[in-house]
Amino acid sequence: MAITLTFAQSIASETDNVATYTSAAFTPADSDVLIVFSEVSTTTGVLSIEDSLGGAWSRTEFIAVAGLTDTTLECWVRDTTVSAVSITVTCKTSIADGAGCSAHVYRVAGANGAGLACIVQDKSATGSNGTPAVTLNASAATTNATLVCATISANPAGLTEPTGWTEGADTGYASPT
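All of these numbers come straight from a predicted model, not from anything done at the bench.

Basis of the calculations
Residues numbered from 1 in each chain as written. Predicted model: local features only at pLDDT ≥ 70, side-chain atom pairs only at ≥ 80, totals over all residues. Heavy atoms only, no water. Pairing = 2+ DSSP bridges. Helix = DSSP H or I, 4+ residues; strand = E, 2+ residues; numbered from the N terminus. Axes fitted to C-alpha atoms, helices over the stretch in contact; angles between N-to-C directions. Phe/Tyr/Trp six-rings, centres within 6.5 Å; stacked < 30°, edge-to-face > 60°. Buried < 20%, exposed > 50% of the residue type's maximum accessible area, 1.4 Å probe, protein only. Core = buried A, V, L, I, M, F, W, Y, C linked by side-chain atoms within 4.5 Å. Contact = heavy atoms within 4.5 Å. Polar contact = N/O pair within 3.5 Å; in protein donor to acceptor, adjacent residues only side chain to side chain. Salt bridge = Lys/Arg side-chain N within 4 Å of Asp/Glu carboxyl O.

Asks: Quick question: what am I supposed to make of the sheet that holds strand E4 (residues 47–51) here?
Replies: The pairing of strands in a sheet happens through backbone hydrogen bonds and is either parallel or antiparallel. Here three strands make up an open sheet; going across it, the order is E2-E7-E4 and the pairing antiparallel. Here the strands that pair on one side only, and so sit at the sheet edges, are strand E2 (20–22) and E4. Sheet twist, expressed as the mean angle between neighbouring strand axes with direction ignored, is 20 degrees. As judged from the five bridges shared by E4 and strand E7 (residues 89–93), these two strands associate in the antiparallel manner. Bridged to serine 48 within E7 is lysine 92.

Asks: Sorry, what's going on with the packing of aromatic side chains here?
Replies: Two aromatic rings are characterised by how far apart their centres lie and by the angle between their planes. Tallying each qualifying case throughout the model produces two aromatic pairs. Ring geometry for phenylalanine 7 versus tyrosine 106: centroids 5.6 Å apart, planes at 70 degrees, classification edge-to-face. With phenylalanine 7 in strand E1 (residues 4–13) and tyrosine 106 in strand E8 (residues 100–109), this residue pair connects regions lying 99 residues apart in the sequence. Plain terms: the ring middles of phenylalanine 37 and tyrosine 106 are 6.4 Å apart, the flat faces sit at 75 degrees to each other, and that makes the pair edge-to-face. With phenylalanine 37 in strand E3 (residues 33–41) and tyrosine 106 in strand E8, this residue pair connects regions lying 69 residues apart in the sequence. Through a chain of ring-to-ring contacts, the aromatic side chains of Phe7, Phe37 and Tyr106 assemble into a single cluster.

Asks: Help me out: how do you make sense of the pairing of E3 in this one?
Replies: Strand residues, when the strand is regular, have side chains that alternate between the two faces of the sheet. Summarising burial for E3: nine of the nine residues are buried, a large majority. Neither face of E3 is exposed, since Val33, Ile35, Phe37, Glu39 and Ser41 on one face and Leu34, Val36, Ser38 and Val40 on the opposite face are all buried. Bridging between E3 and E8 involves nine bridges; their strand directions are antiparallel. Along E8, the bridge assignment pairs valine 33 with valine 108. Bridge count for E3 against strand E6 (residues 72–78) is six bridges, and the pairing is antiparallel. Among the inter-strand pairings, phenylalanine 37 is bridged to a residue of E6, identified as cysteine 75.

Asks: Even after reading the chapter, I still don't get the nonpolar core, so can you show me in this structure?
Replies: Soluble, globular proteins show a tendency: their nonpolar side chains are buried together. Counting residues in each nonpolar core, the largest one holds 18 residues, and the members touching the most others are Phe26, Val36, Ile49, Trp57, Val89 and Cys101. Setting aside chain neighbours within four positions, we find valine 89 in contact with Ile11, Tyr21, Thr22, Ser23, Phe26, Val36, Ile49, Glu50, Asp51, Trp57 and Val105. Residues Val33, Ile35, Val77 and Tyr106 belong to the second largest nonpolar core, which totals eight residues.

Asks: Would you mind showing me how to read the side chain of aspartate 51 here?
Replies: Inspection of the secondary structure puts aspartate 51 in strand E4. A polar contact of 3.1 Å, which involves the side chain of aspartate 51, links it to the backbone nitrogen of glycine 55. Within the structure, the side chain of aspartate 51 is placed 2.7 Å from the side chain of arginine 78, a separation counted as a polar contact.

Asks: Quick question: what am I supposed to make of the pattern of salt bridges here?
Replies: For side chains of opposite charge, pairing can occur when their charged atoms come near one another. Inspection of every chain in the model, using the stated rule, returns four salt bridges. Of the charged contacts in the structure, one is a salt bridge between glutamate 74 and arginine 59, with a shortest N-O distance of 3.4 Å. With a gap of 15 residues between them, glutamate 74 in strand E6 and arginine 59 in strand E5 (residues 57–64) connect regions that are remote in the sequence.

Asks: Whenever I open this one, unusual backbone geometry confuses me. Can you help?
Replies: If a residue is not glycine, its phi is most likely negative; likewise, a peptide bond is most likely trans. Unusually for a residue other than glycine, serine 31 sits at a positive phi of about 75 degrees. Looking at the secondary structure, you find serine 31 in the loop between E2 and E3. A relative accessible area of 42% means that serine 31 is categorised as partly exposed.

Honestly, that's just the spatial picture; any functional story needs more than this.
Structural data, given as structure tokens:
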């Protein structure tokens with residue numbers, strides 16, 4: 001079975017001093033793996049991901065974003081596949097000090113397993129000026145899906161994906177940028 005990626009839902013909120021940011025409900029396909037990229041501005045708390053079905057989540061990558069004070073960008077994967085039932089995803093901070101949240105949920109069909117076992121490699125790069133460049137440890141296999149997340153301190157986000165890539169989501173919030 002070929003691996004397919006489908007954008008599922010965004011969470012975009014500029015609400016200050018809250019501990020939870022929740023997506024609208026969506027219905028994945030049976031046996032999908034869910035992946036979330038989450039960015040919370042100005043939080044000093046620890047981030048976590050929860051869902052309305054009570055699934056466990058693992059963080060694959062943590063990136064402290066250069067040039068953005070107390071901003072974190074993280075990638076999370078659900079430890080088990082989901083059923084084709086309505087679900088919401090919540091990005092939480094351990095303390096209610098976030099100034100806003102931008103998160104994107106993706107559905108992965110055809111993955112070999114779930115959780116960290118389905119991640120072949122992950123890498124991060126930061127840069128306060130220009131576009132960060134990421135070099136993987138090995139070439140990406142053409143049979144695998146590749147997801148990339150980038151964040152910028154601007155609204156609208158205004159990032160342009162490289163040639164040959166497809167943008168799944170582009171969100172921003174006004175305060176703070």
